Amino acid sequence: FAGVINTIAKLARTCTLRLTATKLYFILCDKVANGGVGMWCELSQGNFFDEFQMEGVAAEHNEIYLELVPENLSRALKTAQSAKAVKMKLTNKHCPCLRVAVELPSLSSSSRIVTHDIPVGVIPRRLWNDFREPSVPDFDVSIYLPLLKTMKSVVERMKNLSNSIVIEANLSGEMNLKIETDLVSVSTHFKDLGNPPWASEDECQSGAEGRDLESMAEARIDIKKLQQLLAGQQVNPTKALCNIVSKRVVHFILLHEDVSLQYFIPALA
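Residues numbered from 1 in each chain as written. Predicted model: local features only at pLDDT ≥ 70, side-chain atom pairs only at ≥ 80, totals over all residues. Heavy atoms only, no water.

- Going by an unreviewed UniProt entry, the protein chain carries the name Checkpoint protein HUS1 and comes from Podargus strigoides.
- You can read under Sequence similarities (unreviewed entry) in the UniProt record for the protein chain the words "Belongs to the HUS1 family."
- The protein chain has a UniProt comment under Subunit (unreviewed entry) that states "Component of the toroidal 9-1-1 (RAD9-RAD1-HUS1) complex, composed of RAD9A, RAD1 and HUS1. The 9-1-1 complex associates with LIG1, POLB, FEN1, RAD17, HDAC1, RPA1 and RPA2. The 9-1-1 complex associates with the RAD17-RFC complex. HUS1 interacts with POLB, HDAC1, FEN1, PCNA and RAD9B. HUS1 does not interact with RAD17. Interacts with DNAJC7." (UniProt positions renumbered as here; feature names shortened; annotations may be inferred.)

Structure (structure tokens):
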């Protein structure tokens, strides 16, 4: 859980935490259309908590939406690395807080408990619709990513040469990372990455239908935003893929057994 929070803290200064009876969501809704990134991270609470109780605003809307600074939660959880138990609770002292109580091992019979109160904002019911799962646009190409460590070291080197990077890929499992400036042109090629089998009829994307397997779809994106995603990675995904909507957006999906993280980076004009 701490690894997921650390990743999110690297990607967003503030985000929305949505709690339901079965899942937790971390959401960042910068409008992709206005050049901001978008994030949707989903965790099943049963994989992280032994005990989980929540009561939403009403029986038919059994959810809670909070605004928080993930870095604060990440710092609080750092003290929990050798903890016997960790409890998280929504309280309202002078203001709404997410209380993290960490029970640390002690040599004496009494236990030591360290408490962190993290201020949060409670998002009213009327605004909940602003935090729905982003729809995935019809993409031109969907491709598995190379090893994230490899991709990270390539992007870090390229970051010193340019502010933007072109990601291009095709339906034959090939992907290129390119930068082009007045002084230099650099590209790294990956082959045999494989393309996800979006085979079922409903998932067949109209953008990819009838597309020439060799032709490249490409988008130029902010290299810092891509580096942020790769550098902050502590989810260790079992599957990582990206969908490219030519010249519009690159949509990354990182999947682990109990976590899924989607990240949208809009294309630069």
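### Some remarks on the overall build of the protein chain
Then, in step 1: A tally of regular secondary structure across the protein chain gives 4 helices and 16 strands.
Then, in step 2: For the C-alpha atoms alone, the extent of the protein chain along its principal axes is close to 65 × 45 × 30 Å.
Then, in step 3: Scored against the burial criterion, the 269 residues of the protein chain give a buried share of 42%.
Then, in step 4: If you take every contact in the protein chain between residues at least 6 apart in sequence, the share linking residues at least 24 apart comes to 60%.
Then, in step 5: Accessible area for the protein chain stands at about 14600 Å²; split by element, carbon and sulfur atoms hold 48% of it. (Helix = DSSP H or I, 4+ residues; strand = E, 2+ residues; numbered from the N terminus. Buried < 20%, exposed > 50% of the residue type's maximum accessible area, 1.4 Å probe, protein only. Contact = heavy atoms within 4.5 Å. Areas by Shrake-Rupley, 256 points an atom, 1.4 Å probe, with all protein chains shown as cover.)

### Some remarks on the pairing of strand β15 (residues 249-256)
Residues in a regular strand project their side chains so that they alternate between the two faces of the sheet.
Then, in step 1: With respect to burial, β15 is a largely interior element, 6 of its 8 residues being buried.
Then, in step 2: Inspection of the sheet shows strand β14 (residues 239-245) paired to β15 by 7 bridges, in the antiparallel sense. Across the sheet, the residue bridging to I244 is V250, located in β15.
Then, in step 3: Here β14 hands over to β15 after 3 residues, with K247 in that stretch at a positive phi of 60°.
Then, in step 4: Inspection of the sheet shows β15 paired to strand β16 (residues 259-266) by 8 bridges, in the antiparallel sense. (Pairing = 2+ DSSP bridges.)

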